[in-house]
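# A structural walkthrough
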Amino acid sequence: MKKLINIRYFLIGLGMSYFASSCVDLEEEVFSEVTADNFFKTDEEFISALGQAYTSLGGLGNHSGLWSINEISSDEITVSHKGGDWFDGGVLLQLHQHEFKTDNPFLQNSWNFLFGGINTCNRLIYSFEALDNPNSPAFIAELRALRALYYYWAMDAFGNVPIVTDFTDVEAPATKSRKEVYDFILKELNEIIPLLPVAKDGTTYGRMTKWSALMIRMKLYLNAEVYTGTAQWALAAADASEIINTGPYSLMPSYKDNFAINNSRSTENIFVYPYDKVFAGGFNWVMMTLHIVSQSTFNLTQQPWNGYQTVEEFYNSYIDPVKNPGVQGPVWRGLALSPSTGTVDGRLSNFLVGPQVRADGTTLIDPGVEPTDPTGRNGDPNGPPLTFMPYLNEISPGGLRQAGARIAKYEFERGGTNNMSNDFVIFRLSDVILSLAEARFRLGQTTEALALVNQIRSRAGNLDPFTTLTAENLLAERGREMYVEMTRRQDLIRFKKYGDAWWPFAGMNRPKLVHSPGSFLELFPIPAPQLLANPRLKQNPGYN
């Protein structure tokens, strides 16, 4: 029964229909417009309208939006300039190298995604408030929770943003400080959390519940020192403990099952966006990361774009240098050891590395591979057979076509399209456990924190437990567990590592200004088109 309820939400959001029952009455009366007199009589009709707000989340899984700016600007992901491919005016290079420009279209897309979602929530809240209907308050609370999520993301990315709650207000909104936005989100959550559903079942799947709202508040508290200057570790620990101890969630036995094609039965995922290749498209990672000729590996209906790659040093963080000597290092061009040959971190399922084959098992050839020269130092060391190697030679202009471990966290469908059907994980329990560990660690409760981190390591595979916990290995463990879940940039900032040199500058003797903790670069600039459209907005400090 996967997604039957949620498909109805998203059909509404896409403007495809205004029905909510599982059976369609072809003889039903068609109204020329939806009003309080002919709609909003039942929960199903409210839910149908709610789908418009949730559909806005569909922009998370595609190229050039909020997920991209968070991941490419971290030490996890890059998109190298490969000859004639992926330069795109340098906008991707800017993101990874922290040379943010106000005219970068990825920033504009992210702003539109966030405030488009906020605007839809405001419109529906306005419509529901106008109704004299006992159903309205619960659904308004749900919309306010979803709006709080959009504002949390906006505050995290852009910091100083306008607060808009009145759909009828025609005056251009003014910039509010990050602290004001933080306080607004916190007030909203405190008011609506008691009103939200607590069930984990088909009626709440893909919708805001008490637990997902608690998780937003937990993340506010976890990052409060960054957002406001005042740490709130005890409050973060309290919210995390409530989710863990009273919420209806448990860790899945297998890490990768949380990201399977049919992952709706995960006991760990707290909030997801239910993508569907037919009814709710837009999850394009299969296109964004796989090589062009990988089409033959998975019998895809379209050619992938050969873009997104994992930074080599981040990939190597999964390899135990004691059990696998010689594997790490910036000049290594070999392939990762598989779990069967020594490496035991089961989360290597996050990556696709090594020789690639067609669906029938025959060797897959890259006809455009870069030839090696007589020195063997230039060109692809593996030659024409398609071989994904963790090694990245350079970010521009001659990035190798086969370089970089590819993003395989979500299962790829054989015979799939450019749209994936995996449900996109926004919040899950593992993040809560590691957040509680961090809060305990910051409060000096290291024994409790160590046990929580080792709980996550134990599920990951036959890993040795940590005997001590440090800020360094806690951040590294968060990275391995939460890879490409849109947490890494935030984590690096909180651990004061966002300004560290990383590939392509780390260890390559190339000049690069490394910014210090608290740098203005920890916020993205307000996009230039927004400043032109609304003179009441103020650019973030440090940007022209």
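Heads up: the structure comes first, above all this text.
Our subject in this report is the structure included herewith.

On to the overall build of the protein, then. What the protein contains, in helices and strands, is 18 helices and eight strands. Here the protein holds 544 residues, and the buried ones make up 58% of them. By sequence separation, contacts in the protein at least 24 residues apart represent 69% of the contacts at least 6 residues apart. As displayed, the protein has an accessible area near 21,800 Å², and 54% of this comes from carbon and sulfur atoms.

Let's shift gears to the pattern of salt bridges. The tally for this structure, following the rule as stated, stands at 31 salt bridges. Across the salt bridge formed by Asp 366 and Arg 401, the nearest N and O atoms sit 2.6 Å from each other. Placement of Asp 366 in the loop between strand 5 (354–355) and strand 6 (387–388) and of Arg 401 in the loop between strand 6 and strand 7 (406–407) is noted, with a sequence separation of 35 residues between them. Note on Arg 401: relative accessible area 16%, which makes it buried. Notably, a salt bridge pairs Arg 480 with Glu 477, separated by 2.8 Å at the nearest N-O pair. Taken together, the positions of Arg 480 and Glu 477, both in helix 16 (residues 471–481) and three residues apart, correspond to about one turn of that helix. In terms of burial, Arg 480 and Glu 477 fall into one category: buried.

Quick look at the nonpolar core now. Within the largest apolar cluster, 154 residues are counted, with the highest numbers of intra-cluster contacts made by Leu 57, Leu 60, Trp 153, Ile 185, Trp 285, Tyr 308 and Phe 424. Looking at which element gives the most residues to this core, the answer is helix 6 (residues 136–158), with 16 residues. In this structure Ile 185 touches Ala 148, Tyr 151, Tyr 152, Met 155 and Leu 220, once residues within four positions along its chain are discounted.

Throughout the structure, instances matching the rule amount to 36 aromatic pairs. Measuring from ring centre to ring centre gives 6.0 Å for Tyr 410 and Phe 424, while their planes differ by 10°; the resulting arrangement is stacked. Placement of the pair is Tyr 410 in the loop between strand 7 and strand 8 (424–428) and Phe 424 in strand 8, with a sequence separation of 14 residues. Across the pair, exposure class does not vary: Tyr 410 and Phe 424 are buried alike. What links up through ring pairs into an aromatic cluster is the set Trp 67, Trp 86, Tyr 255, Phe 259, Tyr 273, Tyr 275, Phe 283, Trp 285, Tyr 308, Tyr 410 and Phe 424. One Lys or Arg, Arg 442, reaches over the ring of Phe 495 and ends 4.6 Å from the middle of that ring.

What counts, and at which threshold
Residues numbered from 1 in each chain as written. Predicted model: local features only at pLDDT ≥ 70, side-chain atom pairs only at ≥ 80, totals over all residues. Heavy atoms only, no water. Helix = DSSP H or I, 4+ residues; strand = E, 2+ residues; numbered from the N terminus. Buried < 20%, exposed > 50% of the residue type's maximum accessible area, 1.4 Å probe, protein only. Contact = heavy atoms within 4.5 Å. Areas by Shrake-Rupley, 256 points an atom, 1.4 Å probe, with all protein chains shown as cover. Salt bridge = Lys/Arg side-chain N within 4 Å of Asp/Glu carboxyl O. Core = buried A, V, L, I, M, F, W, Y, C linked by side-chain atoms within 4.5 Å. Phe/Tyr/Trp six-rings, centres within 6.5 Å; stacked < 30°, edge-to-face > 60°. Lys NZ or Arg CZ within 6 Å of the ring centre and 35° of its normal.

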